[in-house]
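# What the coordinates show
Below, each chain spelled out in residue letters.
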Amino acid sequence: MDRLVNTVRPYAWGSATAIPELLGTEPTGEPQAELWMGAHPGAPSRVDRGEGPAALSDVIAADPEGELGPDAVGHFGPRLPFLLKVLAAASPLSLQVHPDLAQAEAGFADEEARGVPVDAADRNYKDANHKPELICALTPFDGLCGFRDADEAAGLLAALEVDPIKPYVDILHAHPESHALREVLTAVLTADREAIADTVHQAAAAAERLGAQDGPHAPAYRAYASIARHYPGDPGVIAAMLLNYVQLQPGEALYLGAGVPHAYLDGLGVEIMANSDNVLRCGLTPKHIDVPELLRIVRFESEAPGVLRPEADSSGEEVYTTPIDEFRLSRYVLAEGAGPRPLPSRTPQILLCASGTAVLRGTGGDGAELRLAQGESAFVPAGEAVALSGPGTVFRATVAA
């Protein structure tokens, strides 16, 4: 087992204080958005096995079966198939969707064949993989996830009483839902930016007013008004109003599959995803937006956000159940004085101590011990038997067995 030395990514939307508070370090004054744990080539974790620091990606590449186990290599190839993060949002992330595996493979092959540089600003597909993801709240966490029911979205927009938005309301009432959602999103994203900016300003002012009143949608209106303050005049503000507003409490999670539009707004959470950079953006960003490709990828279906709560098994492991194989997230809430919990060892795993302390002890061989403070993490290769004790809360990231 290896203590991980991890990289913090300083994206502009990140909190300046949340990750330093988790790690017990002094804030730098700059945003600290994401703490990466894993072997992603963009910022691999580092380990030291007595010969100096080495990238976890290089360690795995030198002996894939020894580090990941034959089952994982046979299923996913010679790489760690997931990336674990701590995500700290102080302002909204871009409104985005991810492709499914077939779409990613086809999109990547097309851009490769056309010679689009992989680091080009207008490149959609950085790799040939899909990017399902799960976010689990460590603090109260706000986000947008999936389309609202078309009639509900129409009512929310109608209450704004903004004349240029009324045609969208009529469309949402008049057409079959999937066509209606597609038509409205297309109209918003293809509108003249200067012309729609005034509409966005009017909608934002109305959302501010409605958010200050009592009503079932007041929290959502407050969230949309906040988005507009961060992205004044951005058509993504209206696109966001088509989506469900979600408030997660600590320990609750959201799973985000292919084609589901979403955005994280505020809060600290543990995020796990398939190891991919494929993102298509709908708005709330200065980055490239490819509207035709986006509209091809988005699933135009209303869906209530399914808030996940962990399910405990007989060993005390609390699992967040998802429908994919590349990752499996669970947690252990370890009480003071409780006996050690043996961990399954067939697959590779990353352990993150989210609160308190955690002690990892080898249960075979030399009985090595590794102590993790809050915010620290470890990589345990496949086949290495360890037991976990606290007191603390530990997240376990691995692949589906």
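Residues numbered from 1 in each chain as written. Predicted model: local features only at pLDDT ≥ 70, side-chain atom pairs only at ≥ 80, totals over all residues. Heavy atoms only, no water.

### Observations regarding the nonpolar core
Judged by nonpolar contacts, the single largest core of 56 residues is most densely connected at Leu144, Leu157, Leu160, Ile165, Leu172, Tyr224 and Met241. Excluding residues within four positions of it along the chain, leucine 172 makes contact with Ala150, Asp151, Ala153, Ala154, Leu157, Ala180, Leu181, Val184 and Leu242. Ranked by size, the runner-up nonpolar core spans 37 residues in total, among them Ala72, Val73, Ala253 and Ile350. (Core = buried A, V, L, I, M, F, W, Y, C linked by side-chain atoms within 4.5 Å. Buried < 20%, exposed > 50% of the residue type's maximum accessible area, 1.4 Å probe, protein only. Contact = heavy atoms within 4.5 Å.)

### Here we look at the UniProt feature "binding site: Zn(2+)" (unreviewed entry) in the protein chain
Residues annotated by UniProt as "binding site: Zn(2+)" (unreviewed entry) correspond here to Gln96, His98, Glu133 and His262. For the annotated residues, spread through 167 residues, the largest C-alpha to C-alpha distance comes to 12.4 Å, consistent with a single compact locus. Here the residues from the annotation list that line the largest pocket are Gln96, Glu133 and His262. When its relative accessible area of 1% is taken as the criterion, histidine 98 is described as buried. Not counting chain neighbours up to four residues away, the residues in contact with histidine 98 comprise Lys131, Glu133, Ala258, Gly259, His262, Asn278, Val279 and Ile297. If you trace the backbone, glutamate 133 turns up in strand β8 (residues 133–137). Excluding its chain neighbours within four sequence positions, the residues that come into contact with glutamate 133 are His98, Leu254, Tyr255, Leu256, His262, Tyr264, Glu271, Ile272, Met273 and Phe327. (UniProt positions renumbered as here; feature names shortened; annotations may be inferred. 1 Å grid on protein atoms, 1.4 Å probe; cavity = no way out; pocket = protein on both sides within 12 Å on 5 of 7 lines; lining within 4 Å. Helix = DSSP H or I, 4+ residues; strand = E, 2+ residues; numbered from the N terminus.)

### Things to note about unusual backbone geometry
Here the residue pair glycine 390 and proline 391 is connected by a cis peptide bond, since its omega of 15° sits within 30 degrees of zero. The backbone phi angle of glutamate 161 is positive, close to 55°, even though this residue is not glycine. Turning to its location among the elements, glutamate 161 is positioned in the loop between α6 (150–158) and α7 (166–174). The phi angle at leucine 284 is positive, at roughly 60°, despite the residue not being glycine. Along the chain, leucine 284 turns up in the loop between β13 (280–283) and α12 (291–297). For leucine 284, a relative accessible area of 1% puts it in the buried group.

### Structural notes on the pattern of salt bridges
All chains considered together, the criterion is met by 20 salt bridges. Arginine 123 is the partner of glutamate 112 in a salt bridge, and the nearest nitrogen-oxygen pair spans 3.0 Å. With glutamate 112 in helix α5 (residues 101–113) and arginine 123 in the loop between α5 and β8, this pair connects stretches of sequence that are 11 residues apart. Judged by relative accessible area, glutamate 112 falls into the partly exposed class, the value being 43%. The exposure class assigned to arginine 123 is buried, which follows from its relative accessible area of 4%. The salt bridge partner of arginine 331 is glutamate 318, with a shortest N-O separation of 2.6 Å. Residue arginine 331 is found in strand β17 (residues 328–334), and its partner glutamate 318 is found in strand β16 (residues 318–320); the two are separated by 13 residues along the sequence. With a relative accessible area of 18%, glutamate 318 lands in the buried category. Because the salt bridges share partners, they merge into one network encompassing Asp2, Arg49 and Glu67. (Salt bridge = Lys/Arg side-chain N within 4 Å of Asp/Glu carboxyl O.)

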